[in-house]
Protein chains: 2
Amino acid sequence: MTAQAMFDKHRDRLERAVRACETREFHSAFDESPSPRVYGESAAADGKAAFEALLGQAFPLATPGSDGEVATERSPYGFDLGVTYPRVTDPAALLEAAAAGMKQWRDAGPQARVGVALEILDRLHARIFELANAVQHTSGQAFVMAFQAGGAHALDRALEAIAYAHVEMTRVPASAVWEKPGPKPGSEPLRMEKTYTVVPRGVALVIGCNTFPTWNSWPGLFASLVTGNPVVVKPHPGAVLPLAITVQVCQEVLAEAGFDPHLVTLAAEEPTDRLAATLAVHPSVKLIDFTGGNAFGDWLEDNARQATVFTEKAGVNTVVIDSTDSFKAMCQNLAFSFALYTGQMCTAPQNVYLPADGITTEDGTKSVAEVAEGIGNALGRMLGDDARAVELLGAVVNDDVRDRVDSVDTRGDVLVPSRVVAHPAYADATVRTPAIVGLDAADATVYEEECFGPVAYLISTPGTASSIELFRDTVQRRGAMTAAVYSTSDEVIAAMRDAALDAGVALSENLHGAVFVNQSAAYSDFHGTGANPAANASYTDGAYVASRFRFVQSRRHL
Amino acid sequence: MTAQAMFDKHRDRLERAVRACETREFHSAFDESPSPRVYGESAAADGKAAFEALLGQAFPLATPGSDGEVATERSPYGFDLGVTYPRVTDPAALLEAAAAGMKQWRDAGPQARVGVALEILDRLHARIFELANAVQHTSGQAFVMAFQAGGAHALDRALEAIAYAHVEMTRVPASAVWEKPGPKPGSEPLRMEKTYTVVPRGVALVIGCNTFPTWNSWPGLFASLVTGNPVVVKPHPGAVLPLAITVQVCQEVLAEAGFDPHLVTLAAEEPTDRLAATLAVHPSVKLIDFTGGNAFGDWLEDNARQATVFTEKAGVNTVVIDSTDSFKAMCQNLAFSFALYTGQMCTAPQNVYLPADGITTEDGTKSVAEVAEGIGNALGRMLGDDARAVELLGAVVNDDVRDRVDSVDTRGDVLVPSRVVAHPAYADATVRTPAIVGLDAADATVYEEECFGPVAYLISTPGTASSIELFRDTVQRRGAMTAAVYSTSDEVIAAMRDAALDAGVALSENLHGAVFVNQSAAYSDFHGTGANPAANASYTDGAYVASRFRFVQSRRHL
């Protein structure tokens, strides 16, 4: 199939995505339900079998500049994946090979590149169950979440990035006639033909994370690719497989459309290789997308000076509780946000500010202890049964997270303890329920640090005005991916909105149903803002795509 | 007048500019002809009188954080302006005052901000003759050029930047309803109301240059202002007045619309104060627009890490001559480009590569000496008469430029000497005609450096293929704002287009009429590309505006 045929095949999907980004209305191009009614009776079993067939094998992918193999993945559910990948030992050779096809890719033009990318998404979608298993057993997400966040929603975020890049590249026509009237009536006009070409910046580097290997990598990958840049994908050593499948599909479609398959490559490593740092400062790398911790994110921003760097790092996600008319629903909603994937989302709430005197509810004032109890009860209902609990919690992604929650009593007053959950299917899985810790406003040294994992702080403050000030100040200095407020007062909501604008963070107000502060919907919700220290970019706005390419023009008399 | 009334008043002008940016067709909102038929019989005299009334006076503008006054301007036509401006001595106080009105400005929303900016343009337009005098007597541009480039075209570039920013801010609606269907047919949908707010990055700093104080400063100034950022304007000490008038008009309109006038401020200094460097690294400065030399531009990119930095620096603008069927017209066109404003444009051509064996023309082969002679003759026709010459050349902006052209014989073989021109009206003006110097391909140490001013190199190469390779390589390493080619061969044109895409520079092909390589038309031609070392940004593309603000959202159940 030609790239143009790919574009024509998926044109409708693209146009619907473009429209959704404009209206911000609900849209999804990839069904989030793993039901057999949607995907067919055998899809789940086939996907699982495909995943299992990869275990213990050499992944069928060749990477230029590699020598030998690495096998670095262990499922948080307690077994080694044993998949081997080429180990990159000569980064310069890899980057040279990556750049080899760039000119042909540039000259193919925006529509061809977008067509190829949309076909890649379609084929990734066809492997969604296999991908979901790969995401589950690298990130530790429960299967349904891995299917949704790691599959359908990741595809929607990828499509969103492609849609934004498509709009950006086609805001200027490929050519135009410019006719300037002569200085006097009847005098000859000046007529020029002008050509505008999208040119790439250079090689793009995508640095994946352990917890959301697809959702967090695909937007940058596809935004860079469709704008003409070759992409080197450097996965987290703990979550290679989902991106290896991604690269495999990219190469398959690129080759089929007549392009150099090494326009997308997988750069696997031993954790000690520090490959990302080496690649990131190479002169030919002009774009970097990174998701991960602040230390390396800040290092990249400081050191990869030859590149435009897009980072999503960490912050302290905040909830301000002032009052509610739905106490139980509020507790339920918050408990779900703490429990979902064991709090291992960059968007999971951590700091909950509330008045030391308690909050107003439909049942009168509830003390801090009663709020903790309400959330604890909600957690108990959700997570009391081990078999059901693991479907929400998934597994703990690494020992650092486990150690953090297991030593939670060193952080403050444990109001709701964490519980060890036995996984009914995976005896060696590490599973924990969230802990709720009581602090007060003076404990800034504790709550101003991100405590990644299932730990939330109930922080007593002198009152809501003080809570809002703490929120504004802490997020301005330490960053946040999300914020939420519960209040029945219009004044408090207005003050919180103002503080959220000042702090540059998205705000969720009085969530009590099936929408959670840690979830964002593609095409409608921005993920990150670029306006506070937690991230310098957003999925997806114009700034996320516009600097990934340049317009270069030529002109001539007509 | 309210900001909304200002928006309504200028809505048509905005919409026409937006459309022109999309079609890239000819457009102008501000007439470039200084004719009395367009601007009225008394406009020229009134503008001159207004300019003259400012000379020797304290400019009526207060700047927070200032103490005492500076008077740093001398006309290249040979007299001191004697205008005094507040000298900034407390940059932190200035930045604090600049930021004071930011929140109100943010909350006013995109339409109000764009309305204010459009009204500012309208009032600057009403003072266009006064501005043209100010530009003439700071930059040294001849009056008509100062009127056009410093007035009408600068207004068009400003409007273009506003149009781009307006589109970018309104790509996302102010609010939207998001309705996700329930999981089963007939089940209750999830309904959310979402609000999207444009939030500024922080204080913006605009660092002006001596040669194009308005044309090069206004795009960044207005792009930052309409996206919600206060703007501190730091003019070049040699060209303060055009930006002082700009700031005065900005403050007048801001105050009239009910905003803090210090949202735009003038930061004047003694040249030794190094005020730009101090302001540039202050934590509250988040955006910087700079036009000027590579040394300080590179320093800003390296050191102003807290800010997004847009730079237009210098490069080696290149012409490749292969062949022509209009030898005289080609020589005429090139001569005009060398002579216009004494080669003191960042877009003026410097390096002309041509085969050592000569070029093919409609009159047979012309040797390098004959090409030099052809250009020399054209220069002679244009510049032979002093009174006419100064209308094209203007005056030499500073002693560095004068010294460079006066010592041109140290650079190579002078093929066309520079001539001292006596200005008929200004006895103390420094005026020179361009020099053409012969080099060959081995003289890279000479021609790889920008020689700002009226010096062009005719560089003999082994042939056109070699010329194109030199062009590609030199521009990739040293940058360029413009490039041109003359050839009757489709293959050569194709090869040159390809090289221009690789080098990331705009290409003009076979210009022989009234379009010149150093001129770019707002709405249609990009100025700079951001794709080579001469500039990291372009007037104006999406990347130039998109990162000047962020979207911050809030959401709630419906």
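Data block above holds the structure.
Residues numbered from 1 in each chain as written. Chains lettered and ligands numbered in written order. Predicted model: local features only at pLDDT ≥ 70, side-chain atom pairs only at ≥ 80, totals over all residues. Heavy atoms only, no water.

Enquirer: Looking at this model, I keep getting lost on the relation of the copies chain A and chain B. Mind explaining?
Expert: Mapping one chain copy onto the other needs a rotation about an axis and a shift along that axis. Superposing chain A onto chain B requires a rotation of 180° together with a translation of 0.0 Å along the rotation axis, leaving an RMSD of 0.0 Å. What the rotation and shift describe, once combined, is the action of a two-fold rotation axis. Every residue of chain A has its C-alpha some distance from the rotation axis, and the shortest such distance is that of Ala543 of chain A, at 3.2 Å. When the interface residues of chain A are mapped onto chain B, 100% of them are again interface residues, pointing to one common binding face. (Least-squares fit on C-alpha atoms with pLDDT ≥ 70 in both. Contact = heavy atoms within 4.5 Å.)

Enquirer: For this particular structure, what's the right way to read the sheet that holds strand 16 (residues 413–416) of chain A?
Expert: Backbone-to-backbone hydrogen bonds pair the strands of a sheet. The strands run either parallel or antiparallel. Strand order across the open sheet formed by 10 strands is 16(A)-19(A)-20(A)-13(A)-12(A)-21(A)-22(A)-23(B)-6(B)-5(B), with mixed pairing between neighbours. In the strand order of this sheet, the two ends are held by strand 16 of chain A together with strand 5 (175–180) of chain B, each with one partner. For this sheet, the mean inter-axis angle between neighbouring strands, taken without regard to orientation, is 25°. (Pairing = 2+ DSSP bridges. Helix = DSSP H or I, 4+ residues; strand = E, 2+ residues; numbered from the N terminus. Axes fitted to C-alpha atoms, helices over the stretch in contact; angles between N-to-C directions.)

Enquirer: It is not clear to me how the interface of chain A and chain B should be interpreted in this structure. Could you clarify?
Expert: Put simply, an interface is often sized by how much accessible area is lost when its parts join up. Taken residue by residue, the interface counts 74 residues in chain A and 74 residues in chain B. Between chain A and chain B the total buried area reaches about 5,900 Å² when both faces are included, carbon and sulfur atoms providing 51% of it. On the surface where chain A and chain B come into contact, there are 20 salt bridges. Where chain A meets chain B, there are 50 residue pairs in polar contact (both at pLDDT 80 or more). Per element, the largest residue contribution to the side of chain A that touches chain B is 8 residues, and it comes from strand 23 (residues 549–557) of chain A. Along the lines of polarity and charge, the residues of the side of chain A that touches chain B split into 31 nonpolar, 18 polar and 25 charged. Across 3 bridges, the pairing between strand 22 (residues 507–509) of chain A and strand 23 (residues 549–557) of chain B is parallel. Bridging across to strand 23 of chain B, Glu509 of chain A finds its partner in Arg556 of chain B. (Buried area = accessible area lost by both parts, 1.4 Å probe. Salt bridge = Lys/Arg side-chain N within 4 Å of Asp/Glu carboxyl O. Polar contact = N/O pair within 3.5 Å; in protein donor to acceptor, adjacent residues only side chain to side chain. Nonpolar A, V, L, I, M, F, W, Y, C, P; charged D, E, K, R; others polar.)

Enquirer: How do you make sense of the environment of Met192 of chain B when you look at a structure like this?
Expert: Relative to the assigned elements, Met192 of chain B resides in strand 6 (residues 190–200). We classify Met192 of chain B as buried; its relative accessible area is 0%. For the pair formed by Met192 of chain B and Arg556 of chain B, sequence separation is 364 residues and the distance between their alpha carbons is 5.4 Å. When near neighbours in sequence (up to four residues on either side) are disregarded, Met192 of chain B contacts Leu511 and Val515 of chain A together with Ala176, Val177, Trp178, Arg555, Arg556, His557 and Leu558 of chain B. (Buried < 20%, exposed > 50% of the residue type's maximum accessible area, 1.4 Å probe, protein only.)

Enquirer: Got a minute to help me understand helix 12 (residues 327–339) of chain B in this structure?
Expert: Each turn of an α-helix holds 3.6 residues, which means side chains three or four residues apart point in the same direction. All names here are of chain B. Between the first and last C-alpha of helix 12 there are 18 Å, a value that for 13 residues agrees with the 18 Å anticipated at 1.5 Å per step. Within helix 12, burial applies to Phe327, Met330, Cys331, Asn333, Leu334, Ala335, Ser337, Phe338 and Ala339. Positive backbone phi, at 50°, marks Tyr341, one or two positions downstream of helix 12. (Expected span 1.5 Å × (residues − 1).)

Enquirer: It is not clear to me how the packing of aromatic side chains should be interpreted in this structure. Could you clarify?
Expert: Two descriptors summarise a pair of aromatic rings, namely the distance from one centre to the other and the angle between the planes of the rings. Taken as a whole, this structure holds 44 aromatic pairs over all chains when the rule is applied. Geometrically, the ring pair formed by Phe310 of chain B and Tyr544 of chain B is edge-to-face, given 5.5 Å between the ring centres and 70° between the ring planes. On the criterion of sequence distance, the pair formed by Phe310 of chain B in strand 11 (residues 308–312) and Tyr544 of chain B in helix 19 (residues 542–546) is long-range, its members being 234 residues apart. For Phe310 of chain B, a relative accessible area of 7% corresponds to the buried category. One aromatic cluster in this structure is built from Phe212, Trp215, Phe310, Tyr341, Tyr539 and Tyr544 of chain A. Taking the ring centre of Phe526 of chain B as reference, the NZ or CZ of Arg24 of chain B above it sits at 4.2 Å. The side chain of Arg548 of chain B reaches across the aromatic face of Tyr544 of chain B, ending 4.4 Å from its centre. (Phe/Tyr/Trp six-rings, centres within 6.5 Å; stacked < 30°, edge-to-face > 60°. Lys NZ or Arg CZ within 6 Å of the ring centre and 35° of its normal.)

Enquirer: Looking at this structure, how should I read the sheet that holds strand 9 (residues 264–266) of chain A?
Expert: Residues and elements named next belong to chain A. Taken in spatial order, the 5 strands make up an open sheet running 9-8-7-10-11, and their pairing is parallel. In the strand order of this sheet, the two ends are held by strand 9 and strand 11 (308–312), each with one partner. For this sheet, the mean angle separating the axes of adjacent strands, direction not counted, is 15°. Relative to strand 9, strand 8 (residues 231–234) is paired through 3 bridges, and the arrangement is parallel. Looking across to strand 9, one finds that Val233 is bridged to Leu266.

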